[in-house]
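Given next are the chains, with one letter for each unit.
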Amino acid sequence: MAEKKVIAVLGATGAQGGGVVRAILADPDGGFAARAITRDPSSEAAQALAAGAEVVAADVDDEASLERAFAGAYGAFCVTFFWAHFSPEAELEQAGKMARAAKAAGLEHVIWSTLEDTREFIPLSDDRMPTLGGRYKVPHYDAKGEANHLFTDAGVPTTFLQTAFYWENFIYFGMGPARGEDGSLSLTFPTGTGRIAGIAAQDIGASAYGIFKVGAPLIGKTVSIAGEHLTGEQMAAAFSETLGEPVAFNAVTPDAYRGFGFPGAEDLGNMFQFTTEFEEQYCGVRDLEETRKLHPGLQTFRQWLEENGTRVPVAPAG
Ligand SMILES: NC(=O)c1ccc[n+]([C@@H]2O[C@H](COP(=O)([O-])OP(=O)(O)OC[C@H]3O[C@@H](n4cnc5c(N)ncnc54)[C@H](OP(=O)(O)O)[C@@H]3O)[C@@H](O)[C@H]2O)c1
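Note that the coordinates shown come from a computational prediction; the quantities given were computed from them, not determined experimentally.

### Concerning unusual backbone geometry
Residues other than glycine seldom take positive phi values, yet Phe86 does so here, at roughly 60°. Residue placement: Phe86 occurs in the loop between helix H4 (82-85) and helix H5 (88-104). When its relative accessible area of 37% is taken as the criterion, Phe86 is described as partly exposed.

So, in structure tokens, the structure goes:
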């Protein structure tokens, strides 16, 4: 049998990269092998991958470590970790290091997990939403989009994977239904009647694996994915069924959401305003059938809820 093509996976112990590793391991005859990159190969999460994947150490802040981790591989899945530091500048620097390391290692196919540079839709001079950090509208989107050219400029054969809102945010990011003082449940987003393109985090990695399998025809292309496009009202209705009690949709304004005060509230308020005001383009490019072609097991929100609904914490009043 031909030698397997090694995919070096950043964030392998996390949501996106973990999905890539699991997809490769679930397809032993697919011709690919997973090299899981972690800062700490001795951690429990890394050890759990070691049964099927090669596990190597690297840090996205250390270019030489990335070069070592990419050496001899066919491809790499590259992702940055905005919520670990809240710094778009750090993402740009890290993406540059990934791109240079990928070039040095002679990788044949890199997937860069990216998002729209929203400044191409809403220039900084447009005051419908505040400019953040002096040069961003949606910092955790803009820097990823801005970083696209670093891969192209370095001459790395890259597919630009535009991801979507993870439904896991309902579990880990406190975005799920909350109980009000009157005891009733509501789901709060500043999206009005707009649809949110969402996806099970696991399906991002599985779609990325689909891209590696397609290979050359997707190099230089942007692939945008989602599991479903749903309004806040529709997600609240699905939660009502899962939880067995009514969940109302609480549509607040983007300004109100930006003012909620939790870390990242302004960034996310701007993000939801962007995805709502540019819904046709945002959902339009995230074609569900195209995503399903890459990953036939793509979950709908209700399927995701069936499996994960009991893990969604319901925040108490106050
Ligand atoms: N939440 C959403 O809805 C959403 C939607 C679209 C895109 N995104 C983007 O997704 C990105 C995060 O991806 P994710 O959710 O897969 O992350 P994650 O689940 O938080 O996983 C991060 C993993 O990356 C590793 N890591 C962290 N810092 C590292 C470093 N300096 N060097 C090497 N590895 C490091 C950690 O592994 P070790 O500890 O093992 O090293 C960790 O397990 C963010 O940039 C975010 O903007 C999020």
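Still to come is the rest of the account.
### Topic: a negative patch on the surface
On the surface, a cluster of negative charge is made up of Asp61, Asp62, Glu89 and Glu93. With respect to the helices, strands and loops of the structure, Asp61 is situated in the loop between strand S3 (54-57) and helix H3 (63-70).

### Some words on the site of the ligand
Surrounding the ligand, one finds 24 residues, the nearest of these being Thr13, Thr38, Thr80, Lys144 and Tyr166. Within the contact set of the ligand, an oxygen atom lies 2.6 Å away from a side-chain nitrogen or oxygen of Thr13. In the environment of the ligand, an oxygen atom lies 2.8 Å from a nitrogen or oxygen atom belonging to the backbone of Arg39. For the ligand, whose unbound accessible area comes to 940 Å², protein coverage reaches 82%.

### Observations regarding helix H11 (residues 265-277)
Every α-helical turn comprises 3.6 residues, leaving residues that sit three or four positions apart pointing alike. For H11, built from 13 residues, the straight-helix expectation of 18 Å at 1.5 Å per residue is met to within 8% by its first-to-last C-alpha distance of 18 Å. Most of H11 is tucked away, with 10 of its 13 residues classed as buried. Within H11, burial applies to Ala265, Asp267, Leu268, Gly269, Asn270, Met271, Phe272, Gln273, Phe274 and Thr275.

### Quick word on the environment of Arg302
With respect to the helices and strands, Arg302 occurs in helix H14 (residues 301-308). Judged by relative accessible area, which is 39%, Arg302 ranks as partly exposed. A sequence separation of 74 residues divides Arg302 from Glu228, and the C-alpha atoms of the two residues are 9.8 Å apart. Those residues in contact with Arg302 that lie beyond four places of it in its chain are Glu228, Ala237, Ala238 and Glu241. Side-chain polar atoms of Arg302 contact the side chain of Glu241, separated by 2.8 Å.

Parameters and conventions
Residues numbered from 1 in each chain as written. Predicted model: local features only at pLDDT ≥ 70, side-chain atom pairs only at ≥ 80, totals over all residues. Heavy atoms only, no water. Helix = DSSP H or I, 4+ residues; strand = E, 2+ residues; numbered from the N terminus. Buried < 20%, exposed > 50% of the residue type's maximum accessible area, 1.4 Å probe, protein only. Patch = residues over 30% accessible without salt bridge, like charges linked within 9 Å, V, L, I, M, F, W, Y side chains within 5 Å. Areas by Shrake-Rupley, 256 points an atom, 1.4 Å probe, with all protein chains shown as cover. Salt bridge = Lys/Arg side-chain N within 4 Å of Asp/Glu carboxyl O. Lys, Arg positive; Asp, Glu negative; His and termini not counted. Charge placed at Lys NZ, Arg CZ, Asp CG, Glu CD. Near = heavy atom within 4 Å. Polar contact = N/O pair within 3.5 Å; in protein donor to acceptor, adjacent residues only side chain to side chain. Expected span 1.5 Å × (residues − 1). Contact = heavy atoms within 4.5 Å.

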